[in-house]
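Structure assessment
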Amino acid sequence: MKWGVIATGGIAQTVTADMLKVEGVTVLAVSSRDVAKARAFADRFGVERAYGDYRELLADPDVEVVYVATPHGQHREVTLAALDAGKHVLCEKPIGLSVAQAEEMVERARARGLFLMEAMWTRFNPLIRRVHDAVRGGEIGEVRSLRASFGFAHPFDANDRLWAKEAGGGAMLDLGVYPVALAHLLLGVPERVHAWGGVAPSDVDSDVGLLLGYPGGAHALLSCSLVVNLRCEAEIVGTGGSIQIADPMFNATRATINGVEHTIEDEGYTHQIRAVEEHVAAGLTESPAITWENTLQVMRTMEEALRQLGVAYDTVG
């Protein structure tokens, strides 16, 4: 299929490089607010068309699928415009800044009959799928505890996208989404959410500790931070064994299941891109691996945690 990439930052570059490894994928167009950046991106990756405005890319009749790689604060605007232009959409995580934004995008995709998926690439990682199968198959018994974290120290700058509220900054949306999504994948929707953390001068969360409570006492202890270095790893403990997912958990290449180590090669975003191609070709509007409801459930947990910290993005986007 013919793809358009909206934005030219680091994540767009990394994902585009992996797109080009997937058979059948053509990256036809790229857009940036700075057309010079779009042209430089196009030259680097062999992209045919470069635009200085995402609306110009969306008007290109040859583009079938768009990858939205803008800062989080622009996801809603760009995704809705893409759907209105008749394009299928892969939108970087988190899909929006709030449950309301995510619901709006889902409803627009449903109304247009178009494919929409949050780019939670971890769910397509073969090793994470193996871990999921092990948990569902009872290989470690009944899961009672899950611990996962992701954090790094990032100097505060109110204009930096990780700290700027208008860009959708903050630890939870950028980093915490991975531990939360893993807990949802392996334990489901929590009955209770308890959060504690710090708030930066720019009114976004600096770090968050989460306790997710499940029926019968099972729980997930999650943490994310922009002020301290936390290993990006996870441990799942059940009544009959345990699983450790080594750093980096979001792109797992090594996991130990009941003492047996499993490893895979780092194949980056290729599994996710291949899945989008297959889903769109099959006429699906959502991925069975990460449904719209899955995305909304994770968003609800994150929004509740942020609410408890006094952080809200309802005036952004």
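Model, not experiment: these values are computed from the prediction.

The next point concerns the packing of helix α5 (residues 99–112) against helix α9 (residues 292–309). Here α5 crosses α9 at 165°, and the two axes come no closer than 9 Å. Between α5 and α9, the angle falls in the class roughly antiparallel. Along this stretch, α5 crosses α9, giving a crossing that reads as left-handed. Residues Val99, Ala102, Glu103, Val106, Ala109 and Arg110 of α5 form the contact with α9, whose participating residues are Trp292, Leu296, Met299, Arg300 and Glu303. Looking at the contact of α5 with α9 residue by residue, the classes come out as seven nonpolar, no polar and four charged.

Let us look at the pairing of strand β7 (residues 143–151). Successive side chains on a regular strand alternate, one facing one side of the sheet and the next facing the other. Across the nine residues that make up β7, a large majority, seven, are buried. With five bridges connecting them, β7 and strand β11 (residues 234–238) associate as antiparallel partners. The partner of Val143 across the bridge, within β11, is Gly238. As judged from the seven bridges shared by β7 and strand β10 (residues 219–225), these two strands associate in the parallel manner. Looking at the pairing, Phe150 lines up with Cys224 of β10.

It is worth spelling out the pattern of salt bridges at this point. Under the defined criterion, the tally for this structure stands at 20 salt bridges. Measuring nitrogen to oxygen at the nearest pair gives 2.7 Å for the salt bridge that ties Asp84 to Arg112. Placement of Asp84 in helix α4 (residues 75–84) and of Arg112 in helix α5 is noted, with a sequence separation of 28 residues between them. In this structure Asp84 comes out as partly exposed when scored by relative accessible area, which is 42%. Its relative accessible area of 43% is what places Arg112 among the partly exposed residues. With a closest N to O distance of 2.2 Å, Glu235 and Arg147 form a salt bridge. Here the residue Glu235 occupies a position in strand β11, and Arg147 occupies one in strand β7, the gap between them amounting to 88 residues. Given a relative accessible area of 22%, Glu235 falls into the partly exposed group. Connected through salt bridges with shared partners, the residues Arg76, Asp84, Glu104, Arg108 and Arg112 form a single ionic network.

Residue position: Asp60 is located in the loop between α3 (54–58) and β4 (65–68). Ignoring sequence-local partners within four residues, the contact set of Asp60 consists of Arg49, Tyr51 and Lys87.

Let us now look at the packing of aromatic side chains. In this structure the tally under the stated criterion is eight aromatic pairs. Pairing Phe156 with Trp163 gives two aromatic rings, centres 5.1 Å apart and planes at 65°, and the pair type is edge-to-face. Ring geometry for Tyr178 versus Phe250: centroids 5.3 Å apart, planes at 35°, classification tilted. Within this pair, whereas Tyr178 is found in helix α7 (residues 171–187), its partner Phe250 is found in the loop between β12 (241–245) and β13 (254–257), the two being separated by 72 residues in sequence.

In spatial order, the strands read β3-β2-β1-β4-β5-β6; together these six strands make up an open sheet with parallel pairing. On the outer flanks of this sheet lie β3 (49–51) and β6 (116–119), each paired with one strand and no other. Taking each pair of neighbouring strands and ignoring which way they run, the sheet shows an average axis angle of 20°.

What counts and what doesn't
- Residues numbered from 1 in each chain as written.
- Predicted model: local features only at pLDDT ≥ 70, side-chain atom pairs only at ≥ 80, totals over all residues.
- Heavy atoms only, no water.
- Axes fitted to C-alpha atoms, helices over the stretch in contact; angles between N-to-C directions.
- Helix = DSSP H or I, 4+ residues; strand = E, 2+ residues; numbered from the N terminus.
- Parallel < 35°, antiparallel > 145°, perpendicular 65-115°, else oblique.
- Left-handed = near helix turned anticlockwise from the far one by under 90°.
- Contact = heavy atoms within 4.5 Å.
- Nonpolar A, V, L, I, M, F, W, Y, C, P; charged D, E, K, R; others polar.
- Buried < 20%, exposed > 50% of the residue type's maximum accessible area, 1.4 Å probe, protein only.
- Pairing = 2+ DSSP bridges.
- Salt bridge = Lys/Arg side-chain N within 4 Å of Asp/Glu carboxyl O.
- Phe/Tyr/Trp six-rings, centres within 6.5 Å; stacked < 30°, edge-to-face > 60°.

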